[in-house]
Each structure stands twice: as structure tokens, then as C-alpha cells.
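Tertiary structure, described
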Amino acid sequence: MNPLNHVAIIMDGNGRWGLKYKRSRNSGHKAGLNTVEKIIKESLKQKIKYLTLYAFSTENWKRPKNEINYLFNLLENFLVNKINKLHEQNIKLKIIGNKNLSKKLSKLLSKSEKKTYFNSKLQINLALNYGSKIELLNAFKKIKRNNEKINEKNLTKHLLTKNIPDPEVLIRTGDTKRLSNFLLWQLAYTEIFFVRKLWPDFNEVDFVKIIKKFKTIKRNFGSI
Ligand code: IPE
Ligand code: IPE
Ligand code: MG
């Protein structure tokens, strides 16, 4: 049985779900938040140590302003209403991505990270304004600035995921098979599960099925 410490998820399909059932993309984002809560709960149950959720990419700024504002408001309300509950459950929140967001949101994010910093049951890495290419470029720049050797150890220590083990499992919902600039370095040997369901329809049963399947996979890492 493969050990499982870290699951990363590309939560895709909210917009299509919203249009299909409620005639608005934004209502799909709202519904997607319920799935986030379900998956956090199940991750605790499954004793997963790290859950990385792709919430907003560096490319998502190309979307209409009203959708972007809606997404960030949703996150803001979620944090205001749920951070105490997360804290009580011994969950640590870490933001990975460019935190140069609105003043109010940046403050709220730092506050939430600080509050939960010493928690140890589950670490949620929220990939927010995250892009893997810019993460890698910044890491190389830091190596150069510090006059360090270019090697794996030095590169990984300058990534936003420093001190976080690579994900063993990546799930992408929404019936799309691509990485969309997510964790390109960290996913080098990750088992990838593409799911047909749109994110708001994904649930804990689907999640557990993937975990069970993963545990039985023969992982070679280049060996036989
Ligand atoms: C959610 O799904 C991902 C986010 C960027 C928040 P989408 O909004 O991309 O949904 P689809 O792919 O358009 O259906
Ligand atoms: C990836 O989904 C980003 C998030 C889930 C936050 P997108 O819907 O933005 O990906 P593309 O644009 O279809 O590749
Ligand atoms: Mg999408």
C-alpha cells in the first residue's frame, strides 16, 4: 500500500456547473465551496497531512471583473466565517502564490495564516494567484542572487512549497486533461486522476475511491 501524505486538487468546472443549473457562472463558484468543505472533512478523516487546492491561477486575471470580484469575495467570507472552525480542528492554512492582492484580503490572509501557524493535523495550501512558471523563475532568480549552485536541493528550497513533500496524488475535476500551470516541478512523479465530474458535483465518495485506487498503484519512479 502506498503511503499518502499530500493530495493536490485542480478544482475545475464551477463555471460550467453554474451555467448548467443556475444560469450563472458565479453560482457554480458558490456551490464549489461546499465541495471544498466536504473534501477538507474527508481529508481529516483519511489522515492526509497536506491538501493543496488550486483556487486562482495567475492566468485567471483574464476573466471578467465581476467573476474575479465574486471569487475573492467568496474567499473573504469563507475565511471570516470559517477560520475559527479550521483552527479548532487543528488545521494550518498556508497561501501559496503571489499575495499582492487587495489590502483587505492580504491582511485577512496573513491573519489566518498566523492564527493557524502551529496547527498540525492537516495543512491546507491554498494556491491563490499561483502560477508554476513564475514560481520557478523566482526560484532561479533567488539562486542567482545568492550565488548558489543550481541543483535540486537549492531550487526546491526557493519554491513556494518549500518544506512540503511533493503530492503523491493530483486530482483534476471538470473533464479537462491539462495542468494549467500548476506545480509543474512538484508533480514530476505524481499519480494523476482526471475526473469527469464538475467540481460542485465531486464528493467524498469520489475522493475516497481515488485514494483507494492510488494505494494499490505500483509506483516505479523509473525502476521496475
Ligand atoms: C473553477 O472552475 C476554477 C476557478 C478558476 C475558480 P472554472 O471557473 O474554471 O469552471 P469552468 O472550467 O469554466 O467550468
Ligand atoms: C485551473 O482552471 C485553475 C484553477 C482551478 C484555479 P482553469 O479553468 O483556469 O484552467 P484552464 O484555463 O481551463 O486551463
Ligand atoms: Mg475551468
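Right, let's walk through the structure included here. (Residues numbered from 1 in each chain as written. Chains lettered and ligands numbered in written order. Predicted model: local features only at pLDDT ≥ 70, side-chain atom pairs only at ≥ 80, totals over all residues. Heavy atoms only, no water.)

Structural notes on the pairing of strand β6 (residues 191–194)
Rules: Think of it in three bands: with a 1.4 Å probe and only protein chains considered, a residue is buried below 20% of the maximum accessible area for its type, exposed above 50%, and partly exposed in between. A helix here means a DSSP run of H or I that spans at least four residues, while a strand means a run of E at least two residues long, and both kinds are numbered starting from the N terminus. Strand pairing is assigned whenever DSSP identifies at least 2 bridges connecting the two strands.
Residues E191 and F193 line the buried face of β6, whereas the alternating positions I192 and F194 sit on a face that is not buried. Looking at chain direction, strand β5 (residues 169–172) and β6 are connected through 4 bridges and run parallel. Among the inter-strand pairings, I171 is bridged to a residue of β6, identified as F193.

Considering the site of ligand 2
Heads up, the rule is: We call a residue near a molecule or strand whenever a single non-hydrogen atom of that residue lies within 4 Å of it. N or O atoms within 3.5 Å of each other form a polar contact, as long as, within protein, one can give a hydrogen and the other can take it, and as long as residues adjacent in sequence are counted only when both atoms are side-chain atoms. Only protein atoms enter the 1 Å grid, on which a cavity is a set of points fitting a 1.4 Å probe that cannot get out and a pocket is an open set with protein on both sides within 12 Å along at least 5 of 7 lines, lining residues being those with an atom within 4 Å of a point. Criterion for pocket placement: a molecule counts as inside a cavity or pocket if more than half of its atoms are within 2 Å of its grid points. Residue polarity follows a fixed list, in which Ala, Val, Leu, Ile, Met, Phe, Trp, Tyr, Cys and Pro are nonpolar, Asp, Glu, Lys and Arg are charged, and the others, Gly among them, are polar.
Surveying the vicinity of ligand 2 reveals the residues I10, M11, D12, Y54, A55, F56, N60, R63, R172, R178 and S180. Contact distances for ligand 2 include 2.9 Å between an oxygen atom and a side-chain N or O atom of N60. With respect to ligand 2, the side chain of S180 contributes an N or O atom lying 2.6 Å from an oxygen atom. When atom positions are compared with the pocket grids, ligand 2 is found to occupy the largest pocket. A per-element tally of the shell around ligand 2 places strand β2 (residues 50–57) first, with 3 residues. Partitioned by chemical class, the residues of the shell around ligand 2 number 5 nonpolar, 2 polar and 4 charged.

Thoughts on the sheet that holds strand β3 (residues 91–96)
Strand pairs in the sheet, formed through backbone hydrogen bonds, run parallel or antiparallel to each other. Spelled out, the test is: Here, axes are lines fitted to C-alpha atoms. For helices the fit covers the stretch in contact, and angles between N-to-C directions go from 0 to 180 degrees.
Within the open sheet, the 6 strands sit side by side as β3-β4-β2-β1-β5-β6. Their pairing is parallel. With one partner strand each, in any of the chains shown, β3 and β6 form the two edges of the open sheet. The sheet shows a mean angle of 20° between the axes of neighbouring strands, direction not considered. Bridge analysis of β2 against strand β4 (residues 122–130) gives 7 bridges, and the strand direction is parallel.

Details of the pattern of salt bridges
Defined as follows: Salt bridges are identified by distance alone: a Lys or Arg side-chain nitrogen within 4 Å of an Asp or Glu carboxyl oxygen.
By the definition in use, this model includes 11 salt bridges. For E67, the salt bridge identified is with R63, shortest N-O distance 2.8 Å. Judged by its relative accessible area of 5%, E67 is buried. The shortest N-O distance in the salt bridge between D175 and R196 comes to 3.7 Å. Placement of D175 in the loop between β5 and β6 and of R196 in the loop between β6 and α7 (204–216) is noted, with a sequence separation of 21 residues between them. On the accessibility criterion, D175 (44% relative accessible area) is partly exposed. Assessed through its relative accessible area of 68%, R196 is described here as exposed. Residues joined in a network through salt bridges with shared partners are D12, R16 and R172.

Purely geometric numbers; function is a separate question.
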